[in-house]
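Chains, contacts and geometry: an overview
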Amino acid sequence: MTITNIISAIGNNNSIYPLLLRDCGIEVPTKVALTYKQNESDKDIAMLATRERLVDEYTVSAVWLGGIPLLEKINGNFLKNKGFNPDINSKLLKEEDCQGLEYNIKKFKNLAPEAVKDLEFLKNNKSQYKKMLGGKLLAETAIPIALMGFIIPKLIFAWTASTKKELAKKREMSLNGVNINNKSLNSDIFTPKIKSFDEFAVKSVAFKGPSKACDKELELALGVPYETAQAGVDSRERGEQGRRTAFKGGLSALAEMSTVQKMAVTDGGYAVGRLITARNRDAAVDVGFKMAGMMFLNFVFPGMLAKFLDKSTGRALNTNLNLDIKMFDDKDFIKAIKDKKLVIPEATTEKELLDFVDNNPKSLFVKYADKYKKVTMLENGVRDPRRYVDLKELKAFRDSIDEISKNALKSGDVTKFMKKAKGLKAVNILANVGISSFLLAYGLPKAQFAFRKKFLGMELEPGIAN
């Protein structure tokens, strides 16, 4: 993979790659170190808070970044075993002017007969398919939410409660002059005599995991009786399910959310779960501030920043920079612009644009529309009728190509123009990753600590210190 391809991957805010880089590579290690630093005035709390952050962040990341794609694959295989093709986009269930289940069956019956068979099977089993879509959506969101928002924090809190008891018992025995053998504890990670974060990190690798907690320890971790917390969870989950069912656009729109969109939804449920399972009011306020900041910086801010950077730096070339960076480095694309052989659809409506794709499958425009997933073409050169085409996105792609190609010709040196565009786009992507990562890994924790001190009147970790 070339450097350009790597930059392209991390610059795609609709994929998990920038999230993976920011979350596991930059954000989590920095947060763990900052957590220890913030609580180092009390070695016991520093050890417990840092251990919680280390285990919590990486287990949640594993569920968040790996769990949803895994569930999507499992559900896809389940649909296939029931006779449905998982490649069919459920948005086709809603008929539009130039695409839809009935429309595509009629239009592509002779052009793509095998694909149409999949559409006809779905048409004949539509009610069953809708029920399965509901289960698919529920599994891909509810399971990660339950793990991240409720199960993981409860286990970690119970682990911390158990450790605090052991530490209290050790201190009491020390005050009574009893010689304590450190080996009587589950692991030497429980000892409060940790001099630095580095020492903690080394010791934590060897830790074997939490001891089994009893109901009383769970109640201590939750800050409320177990039954009360569970009732709150069940009630909140029912409310969340009701709101999801009423989501504008219907079940098909929800079912066709991208992996990143599902991650955003589960992040919201994860935040609710963390508020419910917080050990006390201060901990709930603290985690609420953190989760709101994380959701904004992960899913909203990078897209806003990308548009701002592309618009600002594009002024240097008097053009937009909305294309993937790989297109600015594509020799065939550059040559077609130079030779004035790049045919841009002169479509005035979205239907005309889609007709151009269907009538000119070998054109360079269609080739790039297929490569960058604006449309999906079959091997025989026919557009796949099982895939829904976002016509607004396709038109924006067409407009960006048209503007860039015209400005490249006006510059007098197409190669030089595209090289500058590629350089500016690379700077924008790297700046976006750098700024977003800094805010997530350093800015947000620092803001959280300041918020905690000003509004909660404490510097140590709420829930553990209390």
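See the structure printed just above.
Calculation rules
- Residues numbered from 1 in each chain as written.
- Predicted model: local features only at pLDDT ≥ 70, side-chain atom pairs only at ≥ 80, totals over all residues.
- Heavy atoms only, no water.
- Helix = DSSP H or I, 4+ residues; strand = E, 2+ residues; numbered from the N terminus.
- Buried < 20%, exposed > 50% of the residue type's maximum accessible area, 1.4 Å probe, protein only.
- Areas by Shrake-Rupley, 256 points an atom, 1.4 Å probe, with all protein chains shown as cover.
- Phe/Tyr/Trp six-rings, centres within 6.5 Å; stacked < 30°, edge-to-face > 60°.
- Core = buried A, V, L, I, M, F, W, Y, C linked by side-chain atoms within 4.5 Å.
- Contact = heavy atoms within 4.5 Å.
- Salt bridge = Lys/Arg side-chain N within 4 Å of Asp/Glu carboxyl O.
- Expected span 1.5 Å × (residues − 1).
- Arc of directions from axis to C-beta.
- Patch = residues over 30% accessible without salt bridge, like charges linked within 9 Å, V, L, I, M, F, W, Y side chains within 5 Å.
- Axes fitted to C-alpha atoms, helices over the stretch in contact; angles between N-to-C directions.
- Parallel < 35°, antiparallel > 145°, perpendicular 65-115°, else oblique.
- Left-handed = near helix turned anticlockwise from the far one by under 90°.
- Nonpolar A, V, L, I, M, F, W, Y, C, P; charged D, E, K, R; others polar.

Moving on, we get to the overall build of the protein chain. Along the backbone of the protein chain there are 17 helices and 0 strands. Evaluated residue by residue, the protein chain yields a buried proportion of 45% over its 466 residues. With the model as given, the accessible surface of the protein chain reaches about 23,800 Å², and the carbon-plus-sulfur share is 57%.

With that out of the way, let us pick up the packing of aromatic side chains. How two aromatic rings sit relative to each other is given by the distance of their centres and the angle of their planes. Across all of its chains, the model carries 11 aromatic pairs by this definition. Each ring, one from Phe84 and one from Phe121, has its centre 5.1 Å from the other, and the planes form 65°; the classification is edge-to-face. Here Phe84 is found in the loop between helix 3 (43-81) and helix 4 (101-108), whereas its partner Phe121 is found in helix 5 (residues 113-124), with 37 residues between them in sequence. For Phe121, a relative accessible area of 32% puts it in the partly exposed group. Ring geometry for Phe296 against Phe301: centres 6.1 Å apart, planes inclined by 45°, an arrangement best described as tilted. Classification of Phe296 as partly exposed rests on a relative accessible area of 38%.

With that settled, the discussion passes to the nonpolar core. Judged by nonpolar contacts, the single largest core of 34 residues is most densely connected at Phe333, Phe365, Leu394, Phe397, Ile401 and Met418. When near neighbours in sequence (up to four residues on either side) are disregarded, Phe365 contacts Val343, Pro345, Leu353, Phe356, Val357, Leu394, Phe397, Arg398 and Ile401. Counting 23 residues, the second largest nonpolar core, distinct from the first, contains Ile68, Ile156, Tyr270 and Val287.

Moving on: the pattern of salt bridges. One pass over the structure, following the stated rule, counts 33 salt bridges. Between Glu40 and Lys37 there is a salt bridge, with its nearest N and O atoms 3.2 Å apart. Glu40 sits in the partly exposed class, given a relative accessible area of 29%. By relative accessible area, which is 54% here, Lys37 ends up exposed. Its salt-bridge partner being Lys123, residue Glu102 comes within 3.3 Å of it at the nearest N-O pair. Of this pair, Glu102 sits in helix 4 while Lys123 is found in helix 5, placing the two residues 21 residues apart along the sequence. Classification of Glu102 as partly exposed rests on a relative accessible area of 32%.

Moving on, we come to unusual backbone geometry. You will see that Lys340, though not glycine, has its phi angle at about 55°, which is positive. Mapped onto the elements, Lys340 comes out in the loop between helix 13 (331-338) and helix 14 (350-359). Given a relative accessible area of 67%, Lys340 falls into the exposed group. The phi dihedral of Lys373 falls on the positive side, at around 60°, and the residue is not glycine.

Let us look at helix 5. With 12 residues, helix 5 extends 16 Å from end C-alpha to end C-alpha; this agrees with the ideal 16 Å at 1.5 Å per step. Burial in helix 5 covers these residues: Ala115, Val116, Leu119 and Leu122. Projected down its long axis, helix 5 carries its buried residues within an arc of 115°, all on one side. Away from its buried face, by an angle of more than 90 degrees, helix 5 presents the exposed residues Glu114 and Asn124. Contacts from the buried residues of helix 5 go to helix 4 and helix 6 (126-175).

On to a nonpolar patch on the surface. A cluster of nonpolar side chains, contributed by Ile143, Leu147, Ile151 and Leu155, occupies part of the molecular surface with about 330 Å² of accessible area. Considering the arrangement of structural elements, one finds Leu147 in helix 6. By relative accessible area, Leu147 is classed as partly exposed at 31%.

What follows deals with the packing of helix 15 (residues 364-371) against helix 16 (residues 391-411). Contact geometry for helix 15 and helix 16: axes closest at 11 Å, N-to-C directions at 125°. With respect to each other, helix 15 and helix 16 are oriented oblique. Of the two possible hands of crossing, helix 15 and helix 16 adopt the one that is right-handed. Between helix 15 and helix 16, the residues in contact are Phe365, Tyr368 and Ala369 and Leu394, Phe397, Arg398 and Ile401, respectively. Among the residues making up the contact of helix 15 with helix 16, the classes are represented as 6 nonpolar, no polar and 1 charged.

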